[in-house]
Amino acid sequence: MRVLLAASALAAAAAPTSAFAVDYLSAEQAARLMFPEADAFEARPLTLDAAQLQQLDAQGVRGRSANWAVHAARRGGATLGFVVTDEVIGKFELISYAVGIALDGTVKQIEILSYRESHGFEVRLPAWRKQFVGKGSAAALRVGDDIANISGATLSCTHVTDGVRRIVAVVALARRAGLLT
Amino acid sequence: MSLVADTTRWQRRAQPLLGTLVEIGVRSGSGDRQAAFDAAFAALREVQACLSRFEANSDITRFHALRAGECLTARPITAQVLVAAQSLREASHGAFDISLGTAPGGWRCNGDQLLKLDDMVLLDLGGIGKGCAVDRAVKALIEHGVDAGWVNAGGDLRAFGDAEVPVQLRDEARGGVRPFATLRDGALATSHFDRLSRSRIAGGASTKPLLAHVSVAAPLCLWADALTKVVTLSGDTSHPLLARFEARAWLH
């Protein structure tokens, strides 16, 4: 076992903070991991109307957004399931993730696509978040060391689990309405 | 900080598990690493299925349904964690308490037999279970031929092989991260305790929890995770229990 403390570690409060970013998978890589037997992933962008958003609210799931990025996993012309990508904002972090939904409506797999730790409260600023829009792993923003890990208080994944619950409800609603096949 | 990353490529994946984000990093090999990732994530899910208070069929949920005087046969993972928690409870004179004050002596684990002694007891393995899960995930990676890598369950981190993992500490008050340490071939657990922190800890009336970051390094993550609570409650970075588990502690 070897632990080397950084020079600033014991005077941590005085050291300047930096941002931090990791890209784990692209949306395509995550979709292939979730449905390895698929031969195609077809985009099925989903737009919910006001009445459908109200239905979600009535179920106790805040719809939050009318537009959802959905792909259907297909094999030989048949649908195997769906992959939905989304992002959530935590206390200081922006997390994008993908959820694989099986045909029976259950969650098949969840993968984190990227994790961005801000310097502070700029995670709430649209301008900070916008710099990551459309950036896949090839255009990764690299801040700090390549393999750095965050420690500290346990990072909560409440935002992600709430987001997964919302996606399950959105996909179920869209399929009942005939919007997703 | 020296970095293996300069010359070696690492593959990383992360999933929400154990109430946090769990990241796994492995050295890229010639073969497909996804089987190793899948086995490690499966090992983490297995620990969650045994220990979570929120899973209907976990041993802990089954234990909560017992009446005082009844017992159940725990799965091997549960028994391992409870026996470790029991030995820490005794060695720390009750300070390490997975009942979080509901009934510290209200349970006992003999081998795989988990006995309920008090109807009031509720168990929460949040202070030791993540460390155990990290150890089991590392074991799964090694069994799948991964020679170097790490598993980080939201601050309970273990590195193995020749991976040198820079650890950054999050500023819980203001955001951002600061360099903290480099870890190689061992585990490092950090907890942050204050009134607003997500981490909760219960101590007896005589203990005065600290308001600080506590980090503990140990060869196994189970002990690093659990010993952060002992150090927090005692305020003693030279606590005699640390030496028993080859551990070191820092307040910062």
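Notes on the structure in this doc start here. On a predicted model such as this, the values are computed, not experimentally measured, just so you know.

Rules of the game
- Numbers given for residues are sequential positions, taken from 1 along each chain in its written order.
- Chains and ligands are labelled by the order in which they are written, letters from A for the one and numbers from 1 for the other.
- The predicted origin of the model limits local features to residues at a pLDDT of at least 70 and limits the giving and counting of side-chain atom pairs to 80 or more, whereas totals for whole chains, interfaces and linings rest on all residues.
- Elements are defined by DSSP. Helices are runs of H or I of four residues or more, strands are runs of E of two residues or more, and each kind is numbered from the N terminus.
- Counting other C-beta atoms within 10 Å of a residue's C-beta gives its exposure: the residue is buried at 20 or more, exposed at 12 or fewer, and partly exposed in between, where C-beta atoms are placed from the backbone.
- Think of it this way: build a C-beta for each residue from its backbone, and any pair within 7 Å is a contact.
- Between any two strands, pairing holds if DSSP finds at least two bridges.
- The axes are straight lines fitted to the C-alpha atoms, using for helices just the contacting stretch, and the angles between their N-to-C directions are given from 0 to 180°.
- Note that the term roughly parallel is reserved for angles under 35 degrees, roughly antiparallel for angles over 145, roughly perpendicular for angles of 65 to 115, and oblique for everything else.
- Crossing handedness follows the turn of the near helix against the far one: under a right angle anticlockwise gives a left-handed crossing, and clockwise gives a right-handed one.
- A helix is expected to span 1.5 Å for every residue after the first.
- When residues are sorted by character, Ala, Val, Leu, Ile, Met, Phe, Trp, Tyr, Cys and Pro go into the nonpolar class, Asp, Glu, Lys and Arg into the charged class, and all the rest, Gly among them, into the polar class.

1. Looking at the overall build of chain A
Right, so step 1: Across its full length, chain A holds 4 helices and 9 strands.
Right, so step 2: Along chain A, helices (α) and strands (β) appear in the sequence β-β-α-β-β-α-β-β-β-β-α-β-α when read from the amino end.
Right, so step 3: For chain A, the proportion of its 181 residues judged to be buried stands at 35%.
Right, so step 4: Partitioning the contacts of chain A with sequence separation of at least 6, the portion at a separation of at least 24 is 64%.

2. Digging into the overall build of chain B
Right, so step 1: Secondary structure summary: chain B contains 6 helices and 10 strands in total.
Right, so step 2: Counting the 252 residues in chain B, one finds 52% classified as buried.
Right, so step 3: Sequence-distant contacts in chain B: of pairs separated by 6 or more residues, those separated by 24 or more amount to 56%.

3. A word on the pairing of strand β4 (residues 107–110) of chain B
All names here are of chain B.
Right, so step 1: Only one face of β4 is buried: it carries Trp107 and Cys109, and the other face, with Arg108 and Asn110, is open.
Right, so step 2: Of the pairings in the sheet, the one linking β4 to strand β5 (residues 113–116) comprises 4 bridges and is antiparallel in character. Looking across to β5, one finds that Cys109 is bridged to Leu114.
Right, so step 3: Counted along the chain from β4 to the antiparallel partner β5, the turn is 2 residues long, and its residue Gly111 has a positive phi close to 60°.

4. Focus on the packing of helix α1 (residues 34–51) of chain B against helix α4 (residues 129–143) of chain B
Residues and elements named next belong to chain B.
Right, so step 1: Interaxial distance between α1 and α4 falls to 8 Å at its minimum, and their mutual angle equals 150°. One finds that α1 runs roughly antiparallel with respect to α4. Handedness of the α1/α4 crossing: right-handed. Of the residues in α4, those touching α1 at Ala36, Ala39, Ala40, Ala43, Leu44, Val47 and Leu51 are Gly129, Cys132, Ala133, Arg136, Ala137, Ala140 and Leu141.

5. Observations regarding helix α5 (residues 221–234) of chain B
Residue and element names in this part refer to chain B.
Right, so step 1: The end-to-end C-alpha distance of α5, which contains 14 residues, comes to 20 Å, matching closely the 20 Å that a straight helix rising 1.5 Å per residue would cover.
Right, so step 2: Across the 14 residues that make up α5, a large majority, 14, are buried.
Right, so step 3: Positioned one or two residues after α5, Gly235 has a phi angle of 70°, which is positive.

6. Some points on unusual backbone geometry
Leaving glycine aside, a negative phi is the common case for residues, and trans is the common case for peptide bonds.
All names here are of chain B.
Right, so step 1: If you check the backbone angles, His93 has positive phi at about 55° while not being a glycine.
Right, so step 2: Its place among the elements puts His93 in the loop between α3 (76–91) and β4.
Right, so step 3: Judged by the 9 C-beta atoms lying within 10 Å of it, His93 is exposed.
Right, so step 4: Positive phi values are uncommon outside glycine, yet Leu100 reaches one of about 45°.
Right, so step 5: Relative to the elements of secondary structure, Leu100 occurs in the loop between α3 and β4.

7. A short note on the sheet that holds β5 of chain B
By way of backbone hydrogen bonds, the strands of a sheet pair with one another, either parallel or antiparallel.
Residues and elements named next belong to chain B.
Right, so step 1: Read across the sheet, 3 strands follow the order β3-β5-β4 without closing on themselves; strand pairing throughout is antiparallel. Single-partner strands in this sheet number two, and they are β3 (71–73) and β4. Sheet twist, expressed as the mean angle between neighbouring strand axes with direction ignored, is 20°.

8. A closer look at the pairing of strand β7 (residues 93–102) of chain A
Residues and elements named next belong to chain A.
Right, so step 1: Judged by how many residues are buried, β7 sits mostly within the fold: 9 of 10 residues are covered.
Right, so step 2: For strand β6 (residues 78–89) and β7, the ladder comprises 9 bridges, and the chain directions are antiparallel. Residue pairing across strands places Phe82 opposite Ile101, the latter belonging to β7.
Right, so step 3: The antiparallel pairing of β6 with β7 creates a hairpin that spans 3 residues between the two strands.
Right, so step 4: Both β7 and strand β8 (residues 107–117) contribute to a ladder of 9 bridges, which runs antiparallel. Note that in β8 the partner of Tyr97 across the bridge is Ile112.
Right, so step 5: From the end of β7 to the start of β8, which pair antiparallel, there are 4 residues, and Gly105 there has a positive phi angle of about 90°.

9. Concerning the packing of α4 of chain B against α5 of chain B
Residue and element names in this part refer to chain B.
Right, so step 1: Two elements in contact, α4 and α5, have axes whose closest approach is 7 Å; the angle formed by their N-to-C orientations is 165°. Compared by their axis directions, α4 and α5 come out roughly antiparallel. Here α4 runs over α5; the crossing is right-handed. Contacts between α4 and α5 involve Lys130, Gly131, Cys132, Val134 and Asp135 from the former and Cys221, Leu222, Ala224, Asp225 and Ala226 from the latter.
Right, so step 2: Broken down by class, the residue content of the contact of α4 with α5 amounts to 6 nonpolar, 1 polar and 3 charged.

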